[in-house]
Amino acid sequence: KDFTLSNEKDAHASESDENLERGNWSNKGDYLLSMVGYAVGLGNVWRFPYLTYQNGGGAFLIPYTLMLALAGLPLFFMECSLGQFASLGPISIWRILPLFQGVGITMVVISTFVAIYYNVIIAYALYYLFASFQKVLPWSDCFSWADEFCSKTRLVSNCNATLDGEIIHANYSFITSNNLTCINGTMTYKPVQFPSEQYWNKVALQRSSGLDETGNIVWYLALCLLLSWMIVGAALFKGIKSSGKVVYFTALFPYVILLILLVRGATLEGALNGIEYYIGRQSNITKLMEAEVWKDAATQIFYSLSVAWGGLVALSSYNKFHNNCYSDAILVCVTNCATSIFAGFAIFSILGHMAFVSERPVSEVVDSGFDLAFVAYPEALSRLPVSPLWSFLFFFMLLLLGLDSQFATIETLTTTIQDIYPEVMKKLRIPVTLGVCILLFFLGLICVTQAGIYWVNLIDHFCAGWGILIAAVLEIIGIIYIYGGNRFIEDIEMMIGKKSCFFWLWWRMCWFFVTPVLLMAILVWSLVTFSPPTYGSVLYPAWGTAVGWCMIIFCVIWIPIVAILKIVKAEGNLCQRILNCCRPAANWGPSLECHRGERYSHVVDPKKEKEHEIPTVSGFVY
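What you are looking at is a predicted structure, and each value in this text was computed from that prediction instead of being measured.

> Tell me about the sheet that holds strand β2 (residues 166–171), residues and numbers included.
In spatial order, the strands read β2-β1-β3; together these three strands make up an open sheet with antiparallel pairing. The outermost strands of the open sheet, each flanked by one partner alone, are β2 and β3 (188–189).

Written as structure tokens, this is what we have:
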């Protein structure tokens, strides 16, 4: 089937755009803030600070910075350059190496899985945001929903005391009834839960006993999920032209809130203890001798920059051809890492105050992931004066951080559809975008049942892990070793101008050796140290783990399937077919003829030849 290009312009495109068929960002600010919003997400707030204090405090910044330079930045720069050079999304970009087009499909499938559960987390933030509009925060005390284990303070179970000159061990009620005093360091405490923990499990989630017990759909979470998808659909109804304006608020305002939380936290008693626990009065340099610390640093950099998800390629594909993607990559990466460090101070200053008020060590109130965002930090905020205000600001910040990343993820999916069906997207962009949001909303309903949190954790454990690592390893091997690293550098120089050999020395060293070795090491380490998924102390049933494996297989199976289909469709003997599939397609190169120069003067112009890549039952063709 051929598509005939009409003179109608997509909502993506305007008269001032360089690429009138596909459209460009309205200005550089739209692009940079979209990239910052995509890279800076919930992990910067709820994972990085935890890893820092766990891995030697300030000393952790050494491997973190090195991994940024050796693994994160090289991949980030590569993907930005790829998308900008050919003005194509994560699947169509593999015209550069048809044999590896399945890598692009894997990225899109993983992004689809992530979009489903990521919006559920945004729905959690919305629920807590609405719950903050009360004089007394509903998780500030043990109300009617609490059980006997709920307590705002630690309850002493028994201890040692001196009675008639002898040291005795007795329960606390006996000690107090006889006006005795516990000897310091001998007290044992009853197992209790903060009100915020019970509120999260019993009220917000209505959490069941495990994955086996699905229960009912939690209606208020379903409504919050619907609202979050409505926000995403509204922001993306004109593609980058609308989302590029929304990010001026959603990407910048979280920094204002972080600053407010930091200033407020720094004025509280115990804040210094929290910050010292985060960075460390004296950083533990000996931690750098442990391989686990380096693995944590590499993994955090890799995931926080959102490389190999397809989003960087998709967002960069709307840049003008001669945009300086090199300086953009450095600016976004440095901003992302600086945000992580800054967020740590805001988080730990208030957690330090909570530890002070509840008379607990900081280590007992610190956590990561869901427990930090929806248990530990809300509990700390509930102890502040005017607590509803601070709670509103915190959850509004989480909402904005999540939305930014979600905008880019959905834009990745719609960009893929646009590359495959350009004429359809030109006429039906709004219905297609809304259709994607509605479909993903219904797929996400399983995540707002009473067992929903187990599904969210399961998808995150499998899909957002190995699949991305496998895609990243194949991406860098395919482009650097098969397409050709030096050839790729020449492509970049067509966009940003000729650079010296010294300029490319670092990038060559990383692309050709250091980065692929590091990625392989992380992948092997992750496989060797694999442990079945758990949520807290709840173990997953065997079928749940099997579902997780099926999801990751479904994500990566496209890599061999598409490679085999490409080889089967090629001509010649087996070696010739493989070689042909390892050469760029006839229409690989800059999108616009004016940018092709002599190097790409042979490129087939799709508009003249009416050739568009379309899906068929036998795979993607060009």
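Having put the structure on the table, let's press on.
> How would you explain the packing of helix α11 (residues 271–279) against helix α14 (residues 325–358) if you had to name every residue and give the values?
Axis separation between α11 and α14 bottoms out at 6 Å; the angle between their running directions is 135 degrees. Judged on the interaxial angle alone, α14 and α11 are oblique. Relative to α14, α11 is oriented so that their crossing is right-handed. Of the residues in α14, those in contact with A271, G274, I275, Y277, Y278 and I279 of α11 are S340, I341, G344, F345, F348, S349, G352 and H353. Of the residues in the contact of α11 with α14, the class split is eight nonpolar, six polar and no charged.

> Go over the nonpolar core with me, naming the residues and quoting the values.
Membership of the largest hydrophobic core comes to 208 residues, with the highest contact counts inside it found for F76, Y124, W200, F370 and W511. Per-element accounting of this core gives the leading share, 23 residues, to helix α5 (residues 101–131). Setting aside its immediate chain neighbours within four residues, F370 contacts W46, I121, Y124, W200, V375, I453, V456 and Y535. Within the second largest apolar cluster, six residues are counted, among which are C159, A161, A170 and L180.

> Lay out the packing of aromatic side chains in plain terms, naming residues and giving numbers.
Under the counting rule described, the total for this entry stands at 66 aromatic pairs. Geometrically, the ring pair formed by F530 and W549 is tilted, given 5.2 Å between the ring centres and 55 degrees between the ring planes. Of this pair, F530 sits in the loop between α20 (501–528) and β4 (534–535) while W549 sits in helix α21 (residues 542–556), and the two are 19 residues apart along the sequence. Residue W549 is classed as partly exposed on the basis of its relative accessible area, which comes to 33%. In this arrangement the basic side chain of R22 is found over the ring face of Y318, its NZ or CZ atom lying 4.5 Å from the centre. The lysine or arginine in question, K499, covers the ring of F503, its NZ or CZ lying 5.5 Å from the ring centre.

> I'd like a rundown of helix α7 (residues 195–204), residues and numbers included.
Most of α7 sits out of view: eight of its ten residues are buried. Buried residues of α7: P195, S196, Q198, Y199, W200, N201, V203 and A204, and no others. For α7, the elements touching its buried residues are α5, α8 (219–235), α15 (370–382), α18 (452–462) and β4.

Calculation criteria
Residues numbered from 1 in each chain as written. Predicted model: local features only at pLDDT ≥ 70, side-chain atom pairs only at ≥ 80, totals over all residues. Heavy atoms only, no water. Pairing = 2+ DSSP bridges. Helix = DSSP H or I, 4+ residues; strand = E, 2+ residues; numbered from the N terminus. Axes fitted to C-alpha atoms, helices over the stretch in contact; angles between N-to-C directions. Parallel < 35°, antiparallel > 145°, perpendicular 65-115°, else oblique. Left-handed = near helix turned anticlockwise from the far one by under 90°. Contact = heavy atoms within 4.5 Å. Nonpolar A, V, L, I, M, F, W, Y, C, P; charged D, E, K, R; others polar. Core = buried A, V, L, I, M, F, W, Y, C linked by side-chain atoms within 4.5 Å. Buried < 20%, exposed > 50% of the residue type's maximum accessible area, 1.4 Å probe, protein only. Phe/Tyr/Trp six-rings, centres within 6.5 Å; stacked < 30°, edge-to-face > 60°. Lys NZ or Arg CZ within 6 Å of the ring centre and 35° of its normal.

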